[in-house]
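Topology and contacts: notes
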Amino acid sequence: MTLDPHQLDAKGKKAFAEKKYNEAADFFHQAAEGFTAGRAGLLAAEMKNNQSVALVQAGKPQEALDAVLETDKVFEGAQDIKRQAMALGNQAAALEGLNKYDAAIEKYEHSAALFGSVDEGDLQAMVKKSAAALKLKTGKITESAFKMIGYMDVKKTPTLFERIMKFLLRFIK
């Protein structure tokens, strides 16, 4: 019995929830192929993004990057800015897993700008936080502090810790 791409997507999500990341990646890959064959390019790109997330979780960053490359262009062509930003964030996560920090930071920052342009403040904050953490990891402490301030500025409901950090980080300026 051959499963249609929607069924493969559901199986992939179930496997991902069960932390079976390799199995999830395989289901998402099969779903992407099915959607591509059916000329459903946006759904195929979505499945490739899901596959990429599963592969990052499985500790396979190169395969994750290979899966998600160019999906941002598919969403850009469809003028789906939110999913384009997500695709860039997925590329950044894979690049981070490959220790390509500068390229990852660049992708995270592009993603954050796109999220900001469609009023997705919490997603923008999450991506900015990832960029700030990478800048800190690579020794770019001042840049990291400014990124942290930026991510906290766009977060709609900061935690108490984040409000305290925001207050303290203001003294770096």
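Above this text is the structure in question.
Remember, it's a predicted structure, so these values are computed and weren't measured experimentally.

Looking now at the pattern of salt bridges. In the structure shown here, the tally under the stated rule is eight salt bridges. Here Glu18 makes a salt bridge to Lys14, at a shortest N to O gap of 2.8 Å. Overall, the relative accessible area of 37% leaves Glu18 in the partly exposed class. A salt bridge links Glu120 to Lys82; the nearest nitrogen and oxygen atoms lie 3.6 Å apart. Of this pair, Glu120 sits in the loop between helix H7 (101-117) and helix H8 (121-137) while Lys82 sits in helix H6 (residues 81-97), placing them 38 residues apart in sequence.

The next point concerns the nonpolar core. If you look at the biggest cluster of nonpolar residues, it comprises 32 residues, and the most contacted ones within it are Met47, Tyr108 and Leu134. Only helix H1 (5-17), helix H2 (21-37), helix H3 (41-57), helix H4 (61-68), H6, H7 and H8 provide two or more residues apiece to this core. Residue contacts for Met47: discarding those within four places in its chain leaves Asp9, Phe28, Ala31, Ala32 and Phe35.

Looking now at the packing of H4 against H6. Relative orientation of the contacting elements H4 and H6 amounts to 155°, with a least axis distance of 8 Å. Taken as axis vectors, H4 and H6 run roughly antiparallel relative to one another. Between H4 and H6 lies a crossing whose hand is left-handed. Judged by residue contacts, Pro61, Ala64, Leu65 and Val68 of H4 engage Ala87, Asn90, Gln91, Ala94, Leu95 and Gly97 from H6. For the contact of H4 with H6, the per-class residue count stands at seven nonpolar, three polar and no charged.

With that settled, the discussion passes to unusual backbone geometry. The backbone of Lys19 shows a phi angle near 65°, a positive value even though the residue is not glycine. At Asn99, a position not held by glycine, the phi torsion is positive, near 65°.

This part is about the packing of H1 against H2. Between H1 and H2, whose axes approach to 8 Å, the crossing angle comes to 165°. With respect to each other, H1 and H2 are oriented roughly antiparallel. Judged by the twist between their axes, the crossing of H1 over H2 is left-handed. Contact with H1, carried on its side by Pro5, His6, Leu8, Asp9, Lys11, Gly12, Lys13, Ala15 and Phe16, involves Tyr21, Glu23, Ala24, Phe27, Phe28, Gln30, Ala31, Gly34 and Phe35 of H2 and no other residues of that element. Along the lines of polarity and charge, the residues of the contact of H1 with H2 split into ten nonpolar, four polar and four charged.

A separate point is H1. Residues separated by three or four positions in an α-helix point in the same direction, a consequence of the helix having 3.6 residues per turn. In a regular helix each residue adds 1.5 Å, so 13 residues correspond to 18 Å; H1 covers 18 Å between its end C-alpha atoms and thus fits that length. Against the buried residues of H1 lie H2 and H3. The residue sitting at the N-terminus of H1 and contributing the capping side-chain oxygen is Asp4; that oxygen lies 2.9 Å from the backbone nitrogen of His6. Positive backbone phi, approximately 65°, marks Lys19, located one or two places after H1.

Before going further, it helps to spend a moment on H2. An ideal rise of 1.5 Å per residue puts 24 Å on 17 residues; H2 measures up with 24 Å between its terminal C-alpha atoms. When we look at burial in H2, the residues that qualify are Tyr21, Ala24, Ala25, Phe27, Phe28, Ala31, Ala32 and Phe35. Take H2 and look down its axis: the buried residues cluster within an arc of 165°, on one side only. Structurally, H2 contributes buried residues whose contacts are with H1 and H3. Backbone geometry just downstream of H2 places Arg39 in the positive-phi region, at approximately 60°.

So, about the side chain of Asp72. Along the chain, the position of Asp72 falls in helix H5 (residues 71-77). Assessed through its relative accessible area of 6%, Asp72 is described here as buried. Apart from the residues lying within four places of it in its own chain, the contact partners of Asp72 are Gln84, Ala87, Leu88 and Gln91.

About the cut-offs
Residues numbered from 1 in each chain as written. Predicted model: local features only at pLDDT ≥ 70, side-chain atom pairs only at ≥ 80, totals over all residues. Heavy atoms only, no water. Salt bridge = Lys/Arg side-chain N within 4 Å of Asp/Glu carboxyl O. Buried < 20%, exposed > 50% of the residue type's maximum accessible area, 1.4 Å probe, protein only. Helix = DSSP H or I, 4+ residues; strand = E, 2+ residues; numbered from the N terminus. Core = buried A, V, L, I, M, F, W, Y, C linked by side-chain atoms within 4.5 Å. Contact = heavy atoms within 4.5 Å. Axes fitted to C-alpha atoms, helices over the stretch in contact; angles between N-to-C directions. Parallel < 35°, antiparallel > 145°, perpendicular 65-115°, else oblique. Left-handed = near helix turned anticlockwise from the far one by under 90°. Nonpolar A, V, L, I, M, F, W, Y, C, P; charged D, E, K, R; others polar. Expected span 1.5 Å × (residues − 1). Polar contact = N/O pair within 3.5 Å; in protein donor to acceptor, adjacent residues only side chain to side chain. Arc of directions from axis to C-beta.

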